[in-house]
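Single-letter residue listing:
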Amino acid sequence: MSAVVTEADRTAEPSPASGPREGAFGNAVALVCRECRHEVGLGPYYACPECFGPLEVSYEFPAITRAEIEAGPRNIWRYQALLPVPTDIESSPNTEPGFTRLLRADNLGRELGIENLWVKDDSTNPTNSFKDRVVACALSAARELGAKVFACPSTGNLANAVAAAGARAGIKTVVFIPSNLEQPKQVNSAIFTENLVAVDGNYDDVNKLASEIAGEEDGWAFVNVNVRPYYAEGSKTLGYEIAEQLGWRLPDQIVIPVASGSQLTKVDKAFQELIKLGLVEDKPYRVFGAQAEGCGPVATAFKADTDAIRPVKPDTIAKSLAIGNPADGIYVLDIARRTGGAVEEVTDEEIREGIVLLARTEGIFTETAGGTTLAVTKKLVETGVLDPTKETVVINTGHGLKTLDAVSGQVRAAATIAPSYAAFKATGI
Ligand SMILES: *Cc1c(COP(=O)(O)O)cnc(C)c1O
Ligand SMILES: [Zn+2]
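This section reports on the structure supplied with the text.

1. Some details on the packing of aromatic side chains
1) Next: Scanning the model with the defined rule gives six aromatic pairs in all.
2) Next: Centroid distance Tyr79 to Tyr240: 5.0 Å. Interplanar angle 40°. Geometry classified as tilted. A residue pair is termed long-range when its members are at least 10 positions apart, and Tyr79 in the loop between α2 (66–70) and β4 (102–104) and Tyr240 in helix α9 (residues 236–245) qualify at 161 residues.
3) Next: Tyr79 gets classed as buried once you look at its relative accessible area, which sits at 1%.
4) Next: Residue classification places Tyr240 among the buried positions, given a relative accessible area of 0%.

2. Observations concerning the sheet that holds strand β11 (residues 286–292)
1) Next: The strand order β4-β5-β13-β10-β11-β12 describes an open sheet built from six strands, whose pairing is mixed. Taken across any chain shown, the strands that pair with only one partner, and hence form the sheet edges, are β4 and β12 (342–346). Pairs of neighbouring strands in the sheet enclose a mean axial angle of 25°, with direction left out of account.
2) Next: Relative to strand β13 (residues 392–396), strand β10 (residues 253–257) is paired through three bridges, and the arrangement is parallel. By the bridge assignment, Val255 is partnered in β13 with Val394.
3) Next: Contacts from helix α12 (residues 329–339) reach β11 and β12, with the element oriented near 135° to β11.

3. Quick word on the site of ligand 1
1) Next: Lining the immediate surroundings of ligand 1 are 15 residues, of which Lys131, Ser260, Gly261, Gln263 and Thr397 lie closest.
2) Next: The side chain of Lys131 places a nitrogen or oxygen atom 2.8 Å from an oxygen atom of ligand 1.
3) Next: About the coverage of ligand 1: the protein hides 98% of its 390 Å² of free accessible area.
4) Next: Within the shell around ligand 1, the residues separate by chemical class into six nonpolar, seven polar and two charged.

4. Brief notes about the coordination of the zinc ion (ligand 2)
Note on metal sites: the ideal angle is 109.5 degrees for four tetrahedral donors, and 90 or 180 degrees for six octahedral donors.
1) Next: Taken together, the protein ligands of the zinc ion (ligand 2) are Cys33 (SG), Cys36 (SG), Cys48 (SG) and Cys51 (SG), with distances of 2.3 to 2.4 Å.
2) Next: Of note is the zinc ion (ligand 2), whose four donor atoms meet at the metal with angles of 100 to 118° in an arrangement that counts as tetrahedral.

5. Here's the deal with helix α4 (residues 131–144)
1) Next: In this model α4 runs 20 Å from its N-terminal to its C-terminal C-alpha over 14 residues, within 8% of the 20 Å that 1.5 Å per residue would give.
2) Next: When you tally the buried positions in α4, you get 13 out of 14 residues, the bulk of the element.
3) Next: Backbone geometry just downstream of α4 places Gly146 in the positive-phi region, at approximately 80°.

6. Quick look at the environment of Val376
1) Next: Assignment of secondary structure puts Val376 in helix α14 (residues 368–382).
2) Next: Val376 sits in the buried class, given a relative accessible area of 0%.
3) Next: A C-alpha to C-alpha distance of 28 Å links Val376 and Asp205, two positions 171 residues apart in sequence.

7. Topic: the nonpolar core
1) Next: Among the nonpolar cores identified, the biggest contains 116 residues, and Trp77, Leu108, Phe150, Val162, Val223 and Ile254 are the most heavily contacted of them.
2) Next: Of all the elements, α4 adds the most residues to this core, at eight residues.
3) Next: There are two domains that each give this core at least three residues, and those are domain 1 (8–63 + 131–231) and domain 2 (102–127 + 235–406).
4) Next: With residues near it in sequence (within four places) discarded, Phe150 still touches Val135, Ala138, Leu139, Ala142, Val162, Gly166, Ile171, Lys172, Thr173, Val174, Ala221 and Val223.
5) Next: Val149, Ala151, Ile213 and Ala214 belong to the second largest nonpolar core, which has twelve residues in total.

8. With respect to the sheet that holds strand β1 (residues 28–33)
1) Next: Taken in spatial order, the three strands line up as β2-β1-β3 in an open sheet, and their pairing is antiparallel. Lying at the two open borders of the sheet, with one neighbouring strand each, are β2 (39–40) and β3 (55–59).
2) Next: Pairing of β1 with β2 involves two bridges; the strand directions are antiparallel. Among the inter-strand pairings, Val32 is bridged to a residue of β2, identified as Glu39.

9. A look at the pairing of strand β5 (residues 117–121)
1) Next: For β5, a buried count of five out of five residues is recorded, marking the element as mostly surrounded by other parts of the structure.
2) Next: The alternating pattern of β5 places Leu117, Val119 and Asp121 on one face and Trp118 and Lys120 on the opposite face, and all of these are buried.
3) Next: In this sheet, β5 lies alongside β4 in antiparallel orientation, the contact comprising three bridges. Each residue of the ladder has a partner; that of Arg104, found in β5, is Trp118.
4) Next: In this sheet, β13 lies alongside β5 in parallel orientation, the contact comprising five bridges. The partner of Lys120 across the bridge, within β13, is Ile395.

10. Side note on the pattern of salt bridges
1) Next: Inspection of every chain in the model, using the stated rule, returns 30 salt bridges.
2) Next: Note that Glu56 and Lys266 form a salt bridge whose closest N and O atoms lie 2.8 Å from each other. Of the two residues, Glu56 sits in strand β3 while Lys266 sits in helix α10 (residues 262–276), which places them 210 residues apart along the sequence. Side by side, Glu56 and Lys266 carry an identical accessibility label, which is buried.
3) Next: Because the salt bridges share partners, they merge into one network encompassing Arg34, Glu56, Arg228, Glu233, Lys236, Lys266, Lys269, Glu273 and Asp328.

11. A look at a nonpolar patch on the surface
1) Next: A surface patch of nonpolar side chains, about 450 Å² in accessible area, is lined by Ile417, Tyr421, Phe424 and Ile429.
2) Next: Here Tyr421 shows up in helix α16 (residues 421–426).
3) Next: Residue classification places Tyr421 among the exposed residues on the basis of a relative accessible area of 62%.

The rules behind these values
Residues numbered from 1 in each chain as written. Chains lettered and ligands numbered in written order. Predicted model: local features only at pLDDT ≥ 70, side-chain atom pairs only at ≥ 80, totals over all residues. Heavy atoms only, no water. Phe/Tyr/Trp six-rings, centres within 6.5 Å; stacked < 30°, edge-to-face > 60°. Helix = DSSP H or I, 4+ residues; strand = E, 2+ residues; numbered from the N terminus. Buried < 20%, exposed > 50% of the residue type's maximum accessible area, 1.4 Å probe, protein only. Pairing = 2+ DSSP bridges. Axes fitted to C-alpha atoms, helices over the stretch in contact; angles between N-to-C directions. Contact = heavy atoms within 4.5 Å. Near = heavy atom within 4 Å. Polar contact = N/O pair within 3.5 Å; in protein donor to acceptor, adjacent residues only side chain to side chain. Areas by Shrake-Rupley, 256 points an atom, 1.4 Å probe, with all protein chains shown as cover. Nonpolar A, V, L, I, M, F, W, Y, C, P; charged D, E, K, R; others polar. Donors = N, O, S within 2.8 Å, 3.2 Å for Na, K, Ca; no water. Tetrahedral: all angles 85-135°; square planar, octahedral: opposite > 155°, others 65-115°. Expected span 1.5 Å × (residues − 1). Core = buried A, V, L, I, M, F, W, Y, C linked by side-chain atoms within 4.5 Å. Domains from an automatic or database assignment. Salt bridge = Lys/Arg side-chain N within 4 Å of Asp/Glu carboxyl O. Patch = residues over 30% accessible without salt bridge, like charges linked within 9 Å, V, L, I, M, F, W, Y side chains within 5 Å.

Okay, structure coming up:
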């Protein structure tokens, strides 16, 4: 199970030198099973030894003020006290994602009939997706646990983020992707690492292979496998930022794309923590999940009103969301139901239209995952599920330059002309 510690570490007499250094995980105190609440110490563990349920980081937070956070750096480390990272994290080599813009989207709002709409634009992170957030936390954990190799199975964006962060940190990286992945996402990894492995199979096959390697090899930190509890906490920063950028207030409604479901569950965790810490006022908010019809196992279960998520074989242009067997799907269902939200799905055609809609109204070029989120938002308004009078945030998780093929047939081709005024006039532009 644990691949980061070596066999020698595991069998050695416990000594202060062999474990993580004091304060390596900040205010985190343990890993807790999300199913049976069994606790284990902070280490390279991800499955509960009692019930094999997923482990999650738990904390003992000191009193934290808004002013202390506001005085921090303009990246995710301003929330260091709320993450499983050391107090000196700012000085470690990392790509420092976060504090991306929260844009008022009045044009888009008018188009969709939503009065008070915001776009949280995570396409401006160092490798142009929200994955830089989770990778920054995973890298910290990997280093504190003494990993020699930084790795991941990925639907594309994660591979880009791992390869880039590893390059800057000077640690060997190995990234695994499905072989049918978009070319720009492949090049975006290969530019940072020599070790890009394309597996003939879908993401779920890639993930299985990664788990096997994690079990066989010592010293490998697979960011979303054996250091997943630390990795996943990085997504909380999206929730913290949205609240802080709204003036320390929670939105009424939020729409989030769902692949494994990790991001959605952590944004909810972030909102809950902010309430508990007294940093925002307690209020009801509704969480909505967005999937593609070609890979919508969580949406299907939500609509069937069941907890049984049936794995699917993905077939959609939204490749970054193409996880047929989502690890956190069940928790996404819990959150959508608890908050009065929903999980909805849209066709590839609607996804393409969603990409164009955001571009034409707000000047933001999103990838297929963002197109999915936009299209689901539109569908939720049209079906009367989302309340158009309530303040709503839509998360754009990635950049359109990585999925150009998805929309190249959607836009008008250039008018190619001779270099003359007459030729220009003839275009009718
Ligand atoms: C990975 C990814 C997601 C979803 O992430 P999960 O936490 O696995 O649900 C959403 N959008 C983009 C662009 C991604 O790369
Ligand atoms: Zn358990």
